[in-house]
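Structural overview for review
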Amino acid sequence: MPIHRSPDIRSADITDERLYVSRREFLGSLAGAGVLLSAGERRAIARMLGTADPADKLTPWEVVTGYNNFYEFGTAKDDPAAYAATLRPRPWKVRVEGEVARPADYDLDAILAMGTAEERVYRHRCVEAWSMVVPWLGIPLRTIVSRLEPTSRAKYIEFTTLRDPVQMPGQKSGILPWPYVEGLRLDEAMHPLPLLVTGVYGKPLPNQNGAPLRLVVPWKYGFKGGKSIVKIRFTTRQPANTWNVAAPDEYGFYANVNPAVDHPRWSQARERRLGEFYKRPTLPFNGYGEQVAGLYVGMDLKANF
Ligand code: MTE
């Protein structure tokens, strides 16, 4: 079994690019299929990277980047890896608009310059009761939101994916209304956990995972992780998120993982972690209840699913 030395990098004081380079070797080595780490190594990595249970084994790179939902490139799980090469993640602009003091068309680099990159391991839970443990790399969403200065009227944020049927041929089909849209309440967005993700396993984000910028909200279903974001809009009203528009009986705005409430077509009580055979109990708020349950006090989470 290979032993990986813990790199002595303080994530608080390194920049995005340096982080890619300096950690590539270390995290790239994890990417080899089936790399097993000792309990001590896992604890060291979890301490360094963030928030997941240290006992969690990382989902292999091949699965994280080969089993995807990204309907702009087809609906089969292996379509995005096969077809997302048509996406050109640079140059990239992000429009910021709505209830915000600093609306503008920002170059991606200007957005990235707003915050220090952080690497975190999240349980990323998708819609059909499967989950992954992914070492995402990104910038805390709240850092960027704070820099953009929402007005006092802003209550929600909407994230919009690129619309370009040439780069994203799946948009020629009507399988979903395009462009893909996601949304958060402002206080959810200001929680320390959500990331605007730019990389995974210490490498720049592959196209199929939503290059060059995607959202990851660890206590919610994977579908809240809008990919290839070109617009961030601050609003007074709850955004119309794509899955809620497409299938309102199945997907709400909140998408908090609630093992006590069945999805209309399947139980949400257990989930299979990709790469494993057995199913494990699903934890409320995907295991982050202690950190986030306070955001929903007084809300009926059966009605606000
Ligand atoms: N973003 C866009 N633009 N289009 C999509 O089809 N699928 C969502 C989410 N973001 C999707 C998207 C769903 S259903 C899931 S489960 C996650 O992306 C999957 O992210 P991953 O492929 O990086 O694991």
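Described below are features of the structure shown in this document.

The rules behind the values
Residues numbered from 1 in each chain as written. Predicted model: local features only at pLDDT ≥ 70, side-chain atom pairs only at ≥ 80, totals over all residues. Heavy atoms only, no water. Buried < 20%, exposed > 50% of the residue type's maximum accessible area, 1.4 Å probe, protein only. Helix = DSSP H or I, 4+ residues; strand = E, 2+ residues; numbered from the N terminus. Pairing = 2+ DSSP bridges. Contact = heavy atoms within 4.5 Å. Polar contact = N/O pair within 3.5 Å; in protein donor to acceptor, adjacent residues only side chain to side chain. Near = heavy atom within 4 Å. Areas by Shrake-Rupley, 256 points an atom, 1.4 Å probe, with all protein chains shown as cover. 1 Å grid on protein atoms, 1.4 Å probe; cavity = no way out; pocket = protein on both sides within 12 Å on 5 of 7 lines; lining within 4 Å. Sits in = over half its atoms within 2 Å of the grid points. Points joined across faces, edges and corners; volume = space filled by probe spheres on them. Nonpolar A, V, L, I, M, F, W, Y, C, P; charged D, E, K, R; others polar. Salt bridge = Lys/Arg side-chain N within 4 Å of Asp/Glu carboxyl O.

Covered by surrounding structure in strand β11 (residues 270–273) are E271 and R273 only, the residues R270 and R272 on the alternate face being uncovered. The pairing of strand β4 (residues 130–140) with β11 spans two bridges and is parallel. When the bridges of β11 are listed, W130 appears paired with R272. One ladder, built from three bridges, connects β11 with strand β12 (residues 279–281); its direction is antiparallel. For R270, the partnering residue across the bridge sits in β12 and is P281. Taken together, β11 and the strand that follows it, β12, pair antiparallel across an intervening segment of five residues, in which G275 is found at a positive phi of about 100°.

What follows concerns the environment of E250. Here E250 lies in the loop between α8 (242–246) and β11. Taking the C-alpha atoms as reference points, E250 and F305, separated by 55 residues in sequence, lie 8.7 Å from one another. Once residues within four sequence positions are removed from consideration, E250 is found in contact with H263, P264, R265 and F305. Side chain to side chain, E250 and R265 meet in a polar contact 2.7 Å long.

Let's shift gears to the site of the ligand. Near the ligand you find 18 residues, and of these N68, Y71, E72, C126 and K227 are the closest. Between the ligand and the protein, one listed contact pairs a nitrogen atom with a backbone N or O atom of N69 at 3.3 Å. In this structure, E72 approaches the ligand through a side-chain N or O atom, which is 2.8 Å from a nitrogen atom. For the ligand, the protein covers 100% of the area, taking 530 Å² as the surface of the free molecule. In a pocket analysis with a 2 Å cut-off to the grid points, the ligand is assigned to the largest pocket.

A few words now on the layout of surface pockets. Each pocket or cavity is described by its volume, and for the largest pocket that value is around 410 Å³. Together, 30 residues line the largest pocket, and N69, F70, Y180, F223 and W243 are the ones closest to its centre. At the level of secondary structure, the elements contributing two or more residues to the lining of the largest pocket comprise β4 and α8. Examining the composition of the lining of the largest pocket, we find that three residues originate from one element, β4, more than from any other. Of the residues in the lining of the largest pocket, the class split is 16 nonpolar, eight polar and six charged.

Right, let's talk about the pattern of salt bridges for a bit. Under the criterion given, the structure shown has 17 salt bridges. Across the salt bridge formed by E271 and R125, the nearest N and O atoms sit 2.8 Å from each other. Highlighted residues: E271 in strand β11 and R125 in strand β3 (residues 118–125), separated in sequence by 146 residues. R125 sits in the buried class, given a relative accessible area of 1%. The network of salt bridges with common partners includes E97, E158, K231 and R233.

Examined against the element boundaries, E158 turns out to sit in strand β5 (residues 156–161). The exposure class of E158 is buried, given its relative accessible area of 9%. Separated by 80 residues in the primary sequence, E158 and Q238 have C-alpha atoms spaced 8.4 Å apart. Beyond its immediate stretch of four places on either side in the chain, E158 contacts V181, E182, G183, K231, I232, R233 and P239.

So, to be careful, I would describe these as geometric facts and stop short of saying anything about function.
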